[in-house]
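# Coordinate inspection notes
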Amino acid sequence: MARAGAALLALALLYPLSALFARIGAWQWSAQVREPALASVRVSLVLTAIAMVIVVVLGTPMAAYIARCGAKERLVWQAALLVPILLPPLALGILFTLAFGPFGGIGRLLQHYGVAMTNNAPAFVATQVYVAMGYYVLGAVAALDAVPSMLQKQAALLGLTPTRVFFRVTLPLARLGLAVALSIAWVRAVGEFGAVVVTAYYPSGMPVQLWVDLQSYGLPAVMPLLVIFLAVALPLPWLAHVLAQRRSHA
Amino acid sequence: MLDAHFTKRRRDFTVSFSLKLGPGESLGLFGASGVGKSTVLACIAGIEDPDDGYIDLGDVHFFPPPLPLHRRSIGYLTQEPSLFPHLSVRDNITFGLSKIEQADPERAEWIATLKNRLKLAPLWNAPASRISGGQARRVGLARMLARRPPLVLLDEPFVGLDRQLVRELIDDLVFWSRNIGFSMIAVDHRADVLTRLCPQMAVVLEQGQVIQRGSWADLCSAPATPLLQSLLAPL
């Protein structure tokens, strides 16, 4: 009975994917649709990849630090990281534009040096970093927490400095958890619409282009890009999660 | 020479401990479960920091201030051998040894001795995550001894092993302790294990306090408390 209920719920959750086969007429993939669509794929992949590098490079040391913190200090860091996660995306986009535009302190400084933080690649990447960082760091903290501290202490007693312990013991044992954290960050960033549409309408990534196509040409013009979008966003995180689950049950 | 005198507050009582242990000497730390024996070893190893006092090993000051673990050069083996599951048995045993150290003929011979004596050859390239509990204890022992530490701390590392294996491991440890000359502090709640492992000297703890120290013969002939008498009595 319970299994049947679970199966029913799982099917209900997967049901929207069946719309990929909906009879909405021939999909439109004319040059008018195709060229901006492919450009948006390039924008999303390249700029999200850059954002992920920044997230990993800055977020991993922070996660390693938080994982070593006492409970009270950890709460402070986690509370701070939750803010960009909990902010409604549109609100985040507006706040970001104001803070990094002429009305914000850093924005004025950037403008002084001729750097505009709106409707360009840096604004796109920075927005994605803001959107994804909290997810990655909190996930990475959980992954690093899962490594038994006694293994790290034992490695230190065997003569390894803290840095070498991190790279030879902590990181290898946490790698799958870190991959899951990164995959969540990736999905969150590559699929971000609400904040990006405010901060970086141009260069248009896939979510913004999907919205533009939907408004301009209707559903048949959206479907090809939607398939590409799902193919780019879903498989890697899905695989990371499945592997992590398999390992935790092994 | 290990020279230690420290206290460590625990939730239910304070552990007070002092000790001088010469090179090659061994000490059995005896007492019922939960009296602070493991806390003593954890403080000496650096897993926990004492609240006050001092711990020196030769010229090296362990505490205060707490010396980072990687500078302590001690062996520490617990009930859980804490093998690195992502590495092979071989890589676990040579963990922490530099390439130069591993290439050193004397070191290589020593590791080969450990490998043969602890019957590790069939497991040598197996992942550490795939070996049995008894095998893991042997690997943990080999890993601890591979660096030839001057001080070895054993926190009930033989719990749950069959008596034959325990006898073999103890005989190996005693043999190497004499040959290499490392000092040894072993914790156990079983007197027969400790008398075989550390026949020279024993210290008895109750509620964090040392209630008796001396030879095992002294302890057996005049136990300081009824609890100690019952712990020493055969089943």
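Residues numbered from 1 in each chain as written. Chains lettered and ligands numbered in written order. Predicted model: local features only at pLDDT ≥ 70, side-chain atom pairs only at ≥ 80, totals over all residues. Heavy atoms only, no water.

## Digging into the overall build of chain A
Each helix and strand in chain A was counted, giving twelve helices and zero strands. The helix and strand sequence of chain A, counted from the amino end, reads α-α-α-α-α-α-α-α-α-α-α-α. Seen through its principal axes, chain A has C-alpha atoms that stretch 65 × 65 × 30 Å. Expressed as a percentage of the 250 residues in chain A, the buried residues total 38%. Taking as baseline every contact in chain A between residues at least 6 positions apart, the subset at least 24 positions apart corresponds to 73%. Accessible area of chain A: about 13700 Å², with a carbon and sulfur share of 73%. For chain A, the distance from the average site of its 15 positive side-chain charges to the average site of its 5 negative ones is 13 Å. (Helix = DSSP H or I, 4+ residues; strand = E, 2+ residues; numbered from the N terminus. Buried < 20%, exposed > 50% of the residue type's maximum accessible area, 1.4 Å probe, protein only. Contact = heavy atoms within 4.5 Å. Areas by Shrake-Rupley, 256 points an atom, 1.4 Å probe, with all protein chains shown as cover. Lys, Arg positive; Asp, Glu negative; His and termini not counted. Charge placed at Lys NZ, Arg CZ, Asp CG, Glu CD.)

## A look at the overall build of chain B
A tally of helices and strands in chain B yields nine helices and ten strands. Dimensions of chain B along its principal axes, counting C-alpha atoms only, are 50 × 45 × 30 Å. In chain B, which comprises 235 residues, the proportion classed as buried is 53%. Sequence separation of 24 or more characterises 65% of the internal contacts of chain B that already satisfy a separation of 6 or more.

## Details of the nonpolar core
B:Ile93, B:Leu145, B:Leu154, B:Phe158, B:Leu173 and B:Leu197 are the most contacted members of the largest nonpolar core, which has 47 residues in total. Composition of this core by domain shows at least three residues from each of domain 1 (1-73 + 150-235) and domain 2 (83-148) of chain B. Contact partners of B:Phe158, with chain neighbours within four places excluded, come to B:Arg137, B:Val166, B:Leu169, B:Ile170, B:Leu173, B:Arg190, B:Val193 and B:Leu197. Judged by nonpolar contacts, the second largest core, of 44 residues, contains A:Leu160, B:Phe6, B:Val40 and B:Ile55. (Core = buried A, V, L, I, M, F, W, Y, C linked by side-chain atoms within 4.5 Å. Domains from an automatic or database assignment.)

## A short note on the sheet that holds strand β1 (residues 2-9) of chain B
Residue and element names in this part refer to chain B. Pairing is antiparallel across the open sheet formed by four strands, whose spatial order is β2-β1-β4-β5. Unpaired on one side and paired on the other, β2 (14-21) and β5 (60-63) mark the two borders of the sheet. Shown here is a sheet whose adjacent strand axes are inclined to one another by a mean of 20°, direction ignored. The pairing of strand β4 (residues 52-57) with β5 spans three bridges and is classified as antiparallel. When the sheet's bridge partners are listed, Ile55 is paired in β5 with Phe63. The strands that helix α1 (residues 37-45) touches are β1, β2, β4 and β5; relative to β1, the one it contacts most, it runs at about 120°. (Pairing = 2+ DSSP bridges. Axes fitted to C-alpha atoms, helices over the stretch in contact; angles between N-to-C directions.)

## Side note on the state of the cysteines
Each disulfide consists of one covalent bond between the sulfur atoms belonging to two cysteines. Residue and element names in this part refer to chain B. On inspection of all chains with the given rule, the structure shows zero disulfides over all chains. No disulfide involves Cys198; its nearest neighbouring cysteine sulfur is the one of Cys220, lying 14 Å away. In this structure Cys198 comes out as buried when scored by relative accessible area, which is 0%. (Disulfide = S-S within 2.5 Å.)

## Structural notes on the domain arrangement of chain B
All names here are of chain B. For chain B, the assigned domains read domain 1 (1-73 + 150-235) and domain 2 (83-148). Counting from both sides, the interface comprises 17 residues of domain 1 and, opposite them, 13 residues of domain 2. Summed over the three residues of domain 1 that lose the most area to domain 2, namely Leu169, Trp176 and Ile180, the buried surface amounts to 39% of that side. Summed over the shared surface of domain 1 and domain 2, the number is two salt bridges. For Glu168, the salt bridge goes to Lys119, with nearest N and O atoms at 3.2 Å. (Buried area = accessible area lost by both parts, 1.4 Å probe. Salt bridge = Lys/Arg side-chain N within 4 Å of Asp/Glu carboxyl O.)

## Things to note about the interface of chain A and chain B
The interface is formed by 16 residues belonging to chain A together with 16 residues belonging to chain B. Regarding the contact of chain A and chain B, the summed buried area is about 1700 Å², with carbon and sulfur atoms giving 70% of it. Interface area lost by chain A to chain B is led by A:Gln154, A:Leu157 and A:Leu158, which between them contribute 40%. Inspection of the region where chain A meets chain B yields zero salt bridges. For the side of chain A that touches chain B, the leading source of residues is helix α7 (residues 149-157) of chain A, giving seven residues.

## What about helix α2 (residues 31-68) of chain A?
Residues lying three or four places apart along an α-helix face the same way, a consequence of the helix completing one turn every 3.6 residues. Spanning 38 residues, α2(A) covers 54 Å between terminal C-alpha atoms, matching the ideal 56 Å at 1.5 Å per step. The largest bend in α2(A) amounts to roughly 30° and is located at A:Gly59, with the proline A:Pro61 lying one to four residues further along. (Expected span 1.5 Å × (residues − 1). Bend = angle between axes of the 7 residues up to and from the residue.)

## Digging into the packing of α2(A) against helix α10 (residues 206-216) of chain A
Residue and element names in this part refer to chain A. For the pair α2 and α10, interaxial distance at closest approach is 8 Å and the crossing angle is 160°. Judged by the angle between their axes, α2 and α10 are roughly antiparallel. Taken together, the residues of α10 that come into contact with α2 (itself represented by Val33, Pro36, Ala37, Ser40, Val41 and Ser44) are Met206, Pro207, Gln209 and Asp213. Of the residues assigned to the contact of α2 with α10, the class counts are six nonpolar, three polar and one charged. (Parallel < 35°, antiparallel > 145°, perpendicular 65-115°, else oblique. Nonpolar A, V, L, I, M, F, W, Y, C, P; charged D, E, K, R; others polar.)

## Structural notes on the sheet that holds strand β9 (residues 201-206) of chain B
All names here are of chain B. Read across the open sheet, the six strands follow the order β6-β7-β8-β3-β9-β10; overall the sheet is mixed. Whereas interior strands pair on both sides, the edge strands pair on one side only; in this sheet they are β6 (74-77) and β10 (209-214). Strand-to-strand twist in this sheet, taken as the mean axis angle between neighbours without regard to direction, amounts to 15°. Strand direction decides the pairing type here: strand β3 (residues 26-30) and strand β8 (residues 183-188), joined by five bridges, are parallel. From the neighbouring strand, Phe30 faces β8, where its bridge partner is Asp188. Relative to the sheet, α1 contacts β3, β6, β7 (151-155), β8 and β9, its axis offset from that of β7 by approximately 150°.

## What to know about the confidence of the model for chain A
For chain A, per-residue confidence averages 92 on the pLDDT scale, and residues scoring 70 or more make up 98% of the total. The lowest-confidence element of chain A is helix α12 (residues 235-249) of chain A, averaging 75 in pLDDT; the highest-confidence one is helix α6 (residues 121-145) of chain A, averaging 96. (pLDDT = per-residue confidence, 0-100.)

## Points about the packing of aromatic side chains
Applying the stated rule across the entire model yields eleven aromatic pairs over all chains. When the centroid spacing of 5.9 Å and the interplanar angle of 75° are considered together, the rings of A:Phe100 and A:Tyr130 count as edge-to-face. Of this pair, A:Phe100 sits in the loop between α4 (89-99) and α5 (105-112) while A:Tyr130 sits in helix α6, and the two are 30 residues apart along the sequence. With a relative accessible area of 38%, A:Tyr130 lands in the partly exposed category. With a centroid separation of 4.2 Å and an interplanar angle of 35°, the aromatic rings of B:Phe84 and B:Phe95 are classed as tilted. A residue pair is termed long-range when its members are at least 10 positions apart, and B:Phe84 in the loop between β6 and α2 (89-93) and B:Phe95 in the loop between α2 and α3 (99-103) qualify at eleven residues. The pair B:Phe84 / B:Phe95 is uniform in exposure class, with both members buried. Stacked on the ring of B:Phe84, the Lys or Arg B:Arg143 has its end atom at 4.7 Å from the ring centre. The ring of B:Trp110 carries B:Arg148 above its face, with NZ or CZ at 4.7 Å from the centroid. (Phe/Tyr/Trp six-rings, centres within 6.5 Å; stacked < 30°, edge-to-face > 60°. Lys NZ or Arg CZ within 6 Å of the ring centre and 35° of its normal.)

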